[in-house]
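Each chain is listed here by its residues.
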Amino acid sequence: MKRLLMVTHSAGFKHDYLPTAKRVVTSLGEKSGLFEVVATDECDLLNKRDLKRFDAILFATTGELPISDEQKQDFIEAIRSGKAFIGIHNATDTFYKFPEYGRMIGGYFMAHPWSQEVLVRVEDPTHPSTRHLPESFRVKEEVYTFRDWSRERTHVLISLDNSSVDLSKGTREDNDYALCWCHNYEKARVFYTGFGHYIEIWSREWFQKHLLNGILWAMRLLE
């Protein structure tokens, strides 16, 4: 059975969904029978020796995590060499002073101009994380916008339907607001979902399946 390390350390804003997320992700692993979860608020397992015990790393983190430069390199090397990486919502609001992390995950949080019900569009209906979803649907979310992000460097799975928001509040000149994406980073697969801010989304079946299949894809258990 594969092992997933879930890190929920908040060195910045602390989201109230985190205890729920730990329970849900642990349960997804148990119910699937495919992976076990070690969930921690601490960062001490982010080192070369301990990371060898895991097949995947999931971040639901904020801020500059309290680890040494050596640990940062251990962490990024573990992913480069093939460990899956999964980022949830605020994972893009992490490690601003560690540019290689931003390259690995695909971009950095810039702002959240829309916290409301929005319309989203599934751009790739063939990916395991989106196959069960309609081509567009409404969802209440705190929508992140991103900097140092380009769809040329990642594969967009779900994006914002701009007609559902006041675009004048946006932060990107191109008005390109992706919500979920995936890509390869050296030998690893990276999956990021911008959903998850509101606790109630964690009990929704569509979201749990979206997240589970994103994790399984990143771990090469689903194609």
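The notes below deal with the structure included here. Note that the coordinates shown come from a computational prediction; the quantities given were computed from them, not determined experimentally. (Residues numbered from 1 in each chain as written. Predicted model: local features only at pLDDT ≥ 70, side-chain atom pairs only at ≥ 80, totals over all residues. Heavy atoms only, no water.)

### Re helix H3 (residues 69–80)
- The end-to-end C-alpha separation of H3 is 16 Å, in line with the 16 Å expected for 12 residues at 1.5 Å each.
- Those residues of H3 that fall on the buried side of the exposure criterion are Gln71, Lys72, Asp74, Phe75, Ile76, Ala78, Ile79 and Arg80.
- Structurally, H3 contributes buried residues whose contacts are with helix H2 (48–51), strand S3 (56–59), strand S4 (84–88), helix H4 (99–105), strand S8 (178–185) and strand S9 (188–193).
- Taken from the residues just after H3, Gly82 is the one with a positive phi, measuring 125°. (Helix = DSSP H or I, 4+ residues; strand = E, 2+ residues; numbered from the N terminus. Expected span 1.5 Å × (residues − 1). Buried < 20%, exposed > 50% of the residue type's maximum accessible area, 1.4 Å probe, protein only. Contact = heavy atoms within 4.5 Å.)

### Points about the side chain of Lys72
- As for its position among the elements, Lys72 is in helix H3.
- Discounting residues that sit within four places of it in the chain, Lys72 has contacts with Ile67, Phe95 and Phe98.

### Some thoughts on the packing of aromatic side chains
- Considering all chains together, one arrives at 23 aromatic pairs under this definition.
- Measuring from centroid to centroid gives 5.0 Å for Phe59 and Phe75, while their planes differ by 5°, and the two rings are stacked. With Phe59 in strand S3 and Phe75 in helix H3, this residue pair connects regions lying 16 residues apart in the sequence.
- Since its relative accessible area comes to 0%, Phe59 is described here as buried. (Phe/Tyr/Trp six-rings, centres within 6.5 Å; stacked < 30°, edge-to-face > 60°.)

### Brief notes about the side chain of His183
- Relative to the helices and strands, His183 resides in strand S8.
- Residue classification places His183 among the buried residues on the basis of a relative accessible area of 10%.
- In terms of polar contacts, His183 uses its side chain to reach the side chain of Thr154, at 2.7 Å.
- If sequence neighbours within four positions are ignored, His183 has contacts with Arg103, Met104, Ile105, Gly106, Arg153, Thr154, Ala188, Arg189, Val190 and Trp217. (Polar contact = N/O pair within 3.5 Å; in protein donor to acceptor, adjacent residues only side chain to side chain.)

### Concerning the packing of helix H1 (residues 18–32) against helix H5 (residues 205–218)
- As a packed pair, H1 and H5 sit with axes 11 Å apart at the nearest point and diverge in direction by 70°. Classified by the interaxial angle, the pair formed by H1 and H5 is roughly perpendicular. In this structure, H1 crosses over H5, and the sense of that crossing is right-handed. Of the residues in H5, those touching H1 at Val24, Val25, Leu28 and Ser32 are Gln208, Leu211, Leu212 and Ile215.
- In terms of residue class, the contact of H1 with H5 is built from six nonpolar, two polar and no charged. (Axes fitted to C-alpha atoms, helices over the stretch in contact; angles between N-to-C directions. Parallel < 35°, antiparallel > 145°, perpendicular 65-115°, else oblique. Left-handed = near helix turned anticlockwise from the far one by under 90°. Nonpolar A, V, L, I, M, F, W, Y, C, P; charged D, E, K, R; others polar.)

### Considering the pattern of salt bridges
- Under the defined criterion, the tally for this structure stands at 16 salt bridges.
- Glu200 is the salt-bridge partner of Lys140, the closest N and O atoms lying 3.8 Å from each other. Note that Lys140 is positioned in strand S6 (residues 136–147) and Glu200 in the loop between S9 and H5, a separation of 60 residues in sequence.
- Given a relative accessible area of 43%, Lys140 falls into the partly exposed group. (Salt bridge = Lys/Arg side-chain N within 4 Å of Asp/Glu carboxyl O.)

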